[in-house]
Amino acid sequence: MRILIAEDDMASRKFLSRFLSKFGECDITVDGMEAIEAFMVSFDIGRQYDLICLDIMMPKLDGIKVLKTIREIEKQKGISEEKQVKIIMTSALNELDVVNNSFETGSEAYATKPINTEKFEEVMKKLNLIK
């Protein structure tokens, strides 16, 4: 599995990288612009991501804008919904409008920090990323 972690907080980046590296190869970006760039490069090299963990509050471009951009790029490339990258939004915010907005924009799941690894693995199973 190819995983992109888009997270500006170093502790969260390290935690997610350590946790997710047992499931696949992890790339890390520190802001929204880098996340979009990494996503586009993955197409150029023919190795798209299976999972993107996307922090909502990031510098340069927030996670919701990154999510919208990724879904637009997929639409332009003619990628069907079933084949779209799975996106799990991560945030310290647990406000209902923020959570709802992320789902309406196209994320498959939402995880609040600190990340509960057992719940995160369950979500990955439901998304058919792991068995």
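So, a few notes on the structure that sits alongside this text. Computed from a predicted model, the values in this text were never measured in an experiment. (Residues numbered from 1 in each chain as written. Predicted model: local features only at pLDDT ≥ 70, side-chain atom pairs only at ≥ 80, totals over all residues. Heavy atoms only, no water.)

Side note on the pattern of salt bridges
So, point 1. Counting across every chain of the model gives 12 salt bridges.
So, point 2. Its salt-bridge partner being Lys113, residue Glu7 comes within 2.8 Å of it at the nearest N-O pair. Note that Glu7 is positioned in the loop between strand E1 (2-6) and helix H1 (10-20) and Lys113 in the loop between strand E5 (109-112) and helix H5 (117-126), a separation of 106 residues in sequence.
So, point 3. Residue classification places Glu7 among the buried positions, given a relative accessible area of 0%.
So, point 4. In this structure, Arg71 engages Glu74 in a salt bridge whose closest nitrogen and oxygen atoms are separated by 2.7 Å. Taken together, the positions of Arg71 and Glu74, both in helix H3 (residues 63-76) and three residues apart, correspond to about one turn of that helix. Assigned by exposure class, Arg71 and Glu74 land together as buried.
So, point 5. Through salt bridges with shared partners, a single ionic network connects Arg2, Glu25, Asp27 and Arg47. (Salt bridge = Lys/Arg side-chain N within 4 Å of Asp/Glu carboxyl O. Helix = DSSP H or I, 4+ residues; strand = E, 2+ residues; numbered from the N terminus. Buried < 20%, exposed > 50% of the residue type's maximum accessible area, 1.4 Å probe, protein only.)

What about the packing of aromatic side chains?
So, point 1. Within this structure, the stated rule accounts for four aromatic pairs.
So, point 2. Taken together, a centroid distance of 5.8 Å and an interplanar angle of 80° make the contact between Phe19 and Phe23 edge-to-face.
So, point 3. Owing to a relative accessible area of 6%, Phe19 belongs among the buried residues under this scheme.
So, point 4. When the centroid spacing of 5.6 Å and the interplanar angle of 85° are considered together, the rings of Phe19 and Phe120 count as edge-to-face. Of the two residues, Phe19 sits in helix H1 while Phe120 sits in helix H5, which places them 101 residues apart along the sequence. (Phe/Tyr/Trp six-rings, centres within 6.5 Å; stacked < 30°, edge-to-face > 60°.)

Section: the environment of Thr29
So, point 1. Its place among the elements puts Thr29 in strand E2 (residues 25-29).
So, point 2. You can call Thr29 buried: its relative accessible area is 5%.
So, point 3. Aside from chain neighbours lying at most four places away, what touches Thr29 is Leu4, Ile5, Ala6, Glu7, Arg13, Glu34, Ala35 and Ala38. (Contact = heavy atoms within 4.5 Å.)

Thoughts on H5
So, point 1. Residue Asn116 occupies the N-cap position of H5, its side-chain oxygen lying 3.0 Å from the main-chain nitrogen of Glu118.
So, point 2. Looking one or two residues past H5, Asn128 carries a phi angle of roughly 60°, positive in sign. (Polar contact = N/O pair within 3.5 Å; in protein donor to acceptor, adjacent residues only side chain to side chain.)

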